[in-house]
Amino acid sequence: MALDLAEGGTAQAPGMKPTDVRNPDYFHKVVDCQWACPAHTPVPEYIRYIAAGRYTDAYMINWWSNVFPGILGRTCDRPCEPACRRGRVEKEPVAICRLKRVAADNKDDVRERLPRPAAVKNGKRIALIGAGPASLTVARDLLPLGYHCVLYDADPHAGGMMRTQIPKFRLPERVLDEECQYILDLQPELRLGTRIDSLKTLLAEDYDAIFVGSGAPRGRELPIPGREEAKEHIHIGIDWLSSVSFGHIDKIGKRVIVLGGGNTAMDCCRTSRRLGGDEVKVIVRSGFEEMKASPWEKEDAMREGIPILNFLVPKEFTHVNGKLTGVLFEKVKAEYDAKGRRNLVPTGEPDQHIACDDVLVAVGQENAFPWIERDIGLEFDKWDMPKVDELTMQSTNPRVFFGGDSAFGPKNIIWAVAHGHEAAVSIALMLDGKDVKADRPPPHVNLLSQKMGIHEWSYDNDISLDLRFKVPHAPNELTLRDVKVEVELGFDRELAFKEAQRCLNCDVQTVFDDKLCIECDACVDICPMDCITFTQNDPEPVLRTHLTAPAPNLTQDLYLADGLKTGRVMVKDEDVCLHCGLCAERCPTGAWDMKQFWFDTAKANDVCGLRMAAE
């Protein structure tokens, strides 16, 4: 690109281009919580419904996007919350996940608002391997459209890892059963208690497409000395949790060591406390802050009297005549090289022996595909994972799709739901003879003014300074006696209303019309965050430095409009804008407006030009 010549013949770099607000991703990205959610749930919209006491409406908005509101309201990994704009104003983000649970706990009977089984089948048959969240999402999206879905699982009940690996004190069975049943009511053909041993055999049957949602079913081993000799009291964490879930295990030794720092380790240690473990310790090779477990999971474990010991690397399982006596650890510390990479190095201190009766190994999970033959046109990568397109979820065998943990390794339920939605779109496209990438339907987008009067909006734009409200917990003396007693009690309606008021309504956008602007700078004067600037244009790196308040966060966009009569540009820093609407209230010409941005990802029914009744 040629550079403009300024006075004196000096070349200048071109200024920043105007923002294309017609691109649906622009305002979507500004709704940080929705952008961060893999299923793109319209978070501010359902929070407003909760504040208004419209719990069933809030539930249905969630159900349309994330399928399992009651389950996720208790178990989600919450990628939305670190992104929350409230967290930039105060320390704690809005309790988005717990508000989702409020909608589920307080809703009315929603069955009349759910899709019905298709009256007529379309002749297409889909095999779904694994009855976990990814496969159930595919079934929910395709069954109302007339596809015949056959659901396989080795376990006798649907739910997958939600049923087998999440303890009942975090996810009560009644909640799991209810939300799985909403999908089973759409009448998939159930082949539960049936294990798939050969994908080649299944491909030879009369299925038009196959979706693999089998999860990451194998826990990683810890092959250190003593493992085989003391194996009777050394258990793989996810297998042990499954056995507890199905009632095969109901007790454990008094002294328990849990190895690992993820959420599975937290579930193992807390379950051990309920099955007779009086002295339960979590021992991790990394530092406390580096643990993969969610902060609230660590807090819950420590609240139940479980210590977390860090920077200890297991060297040996000690035993006497095959009876486990403890674990020998090497003390390490973290050192960082010039590139910031961490290495754990021995401190030189004596090894530490910790006595125990049982060990639960929760050092990670991995996929296991011994049932997928390597001669069926399905390629695997160097980590022995199937090669899967991240958008379409299609493998190199065009009839086979993957989702959830089986696609890209262990993540969370919300990721499995997102994969299921995308796979269902791809399956519908493929079976309609269309290109699964080029012909994907666009999202549903709307931008609607919230103006009711000169200084009145259809949403609450008061900015509350309340800190995050704490969720009530049942007392330890009650919960530690029974593995099925739920620990978190959830917000009641009063607390839910107060927490909902903390939401900054990021989906109500400040939209600027440069043709109406008279450059009076009234919006600049009234903005409480100094996020609006009228200035000369420059390349973005330079422009960011000479705004009213410099904008150093490069992950957040600048909103720029350049159609002003003086030749200046209007720049708004999306990073710090509170969406309070004061600029629009103060503007004498209506150049600023507050418009609600609605974004809904395309679902499989959009391929057919239909919309579900639940929307």
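For the structure, see preceding data.
Conventions we followed
- Residues numbered from 1 in each chain as written.
- Predicted model: local features only at pLDDT ≥ 70, side-chain atom pairs only at ≥ 80, totals over all residues.
- Heavy atoms only, no water.
- Helix = DSSP H or I, 4+ residues; strand = E, 2+ residues; numbered from the N terminus.
- Rg over C-alpha atoms; globule rule 2.2 N^0.38 Å.
- Buried < 20%, exposed > 50% of the residue type's maximum accessible area, 1.4 Å probe, protein only.
- Contact = heavy atoms within 4.5 Å.
- Areas by Shrake-Rupley, 256 points an atom, 1.4 Å probe, with all protein chains shown as cover.
- Lys, Arg positive; Asp, Glu negative; His and termini not counted.
- Charge placed at Lys NZ, Arg CZ, Asp CG, Glu CD.
- Salt bridge = Lys/Arg side-chain N within 4 Å of Asp/Glu carboxyl O.
- Pairing = 2+ DSSP bridges.

**Q** Looking at this structure, I do not really get the overall build of the chain. What am I missing?
**A** Within the chain one finds 23 helices and 26 strands. Compactness check: the chain gives a C-alpha radius of gyration of 27 Å against a globular reference of 25 Å for 615 residues, within 12% of the reference. Over its C-alpha atoms, taken along the principal directions, the chain stretches across nearly 90 × 65 × 55 Å. Counting the 615 residues in the chain, one finds 56% classified as buried. Long-range contacts, defined as pairs at least 24 residues apart, comprise 70% of the intrachain contacts of the chain with a sequence gap of at least 6. Here the chain has roughly 27000 Å² of accessible surface; of this, 51% comes from carbon and sulfur atoms. The positive charge centre, built from 76 side chains, and the negative charge centre, built from 94, are 2 Å apart in the chain.

**Q** Help me understand the side chain of Arg270 in this model?
**A** Structurally, Arg270 can be placed in helix 14 (residues 263-274). The exposure class assigned to Arg270 is buried, which follows from its relative accessible area of 2%. Once residues lying within four places of it in the same chain are set aside, the contact partners of Arg270 are Phe169, Arg170, Glu297, Asp300, Ala301, Glu304, Ile306 and Val487.

**Q** I'm lost on unusual backbone geometry in this one. Help?
**A** In terms of backbone geometry, most residues other than glycine have negative phi values and most peptide bonds are trans. The phi dihedral of Asp384 falls on the positive side, at around 60°, and the residue is not glycine. Within the secondary structure, Asp384 is located in the loop between strand 17 (365-366) and strand 18 (400-402). Residue class for Asp384 comes out partly exposed when judged on its relative accessible area of 40%. For Asp530, which is not a glycine, the phi torsion comes out positive at approximately 50°. The residue Asp530 is located in the loop between helix 20 (522-526) and strand 23 (532-535) in this model. The exposure class assigned to Asp530 is partly exposed, which follows from its relative accessible area of 38%.

**Q** Honestly, the pattern of salt bridges in this entry has me stumped. Any pointers?
**A** Two side chains that carry opposite charge are able to pair once their charged atoms sit near each other. Across all of its chains, the model carries 55 salt bridges by this definition. A salt bridge links Glu90 to Arg86, with the nearest nitrogen and oxygen atoms 3.1 Å apart. Here the two residues Glu90 and Arg86 agree in accessibility, since each one is buried. A salt bridge links Glu499 to Arg502, with the nearest nitrogen and oxygen atoms 2.8 Å apart. By the burial criterion, Glu499 is buried, and Arg502 matches it.

**Q** Even after reading the chapter, I still don't get the pairing of strand 23, so can you show me in this structure?
**A** Here strand 23 shows two buried faces, one formed by Ile532 and Phe534 and the other by Thr533 and Thr535. Alignment of strand 23 against strand 25 (residues 569-573), held across four bridges, turns out to be antiparallel. Across the sheet, residue Thr533 finds its bridge partner in strand 25, namely Val571.

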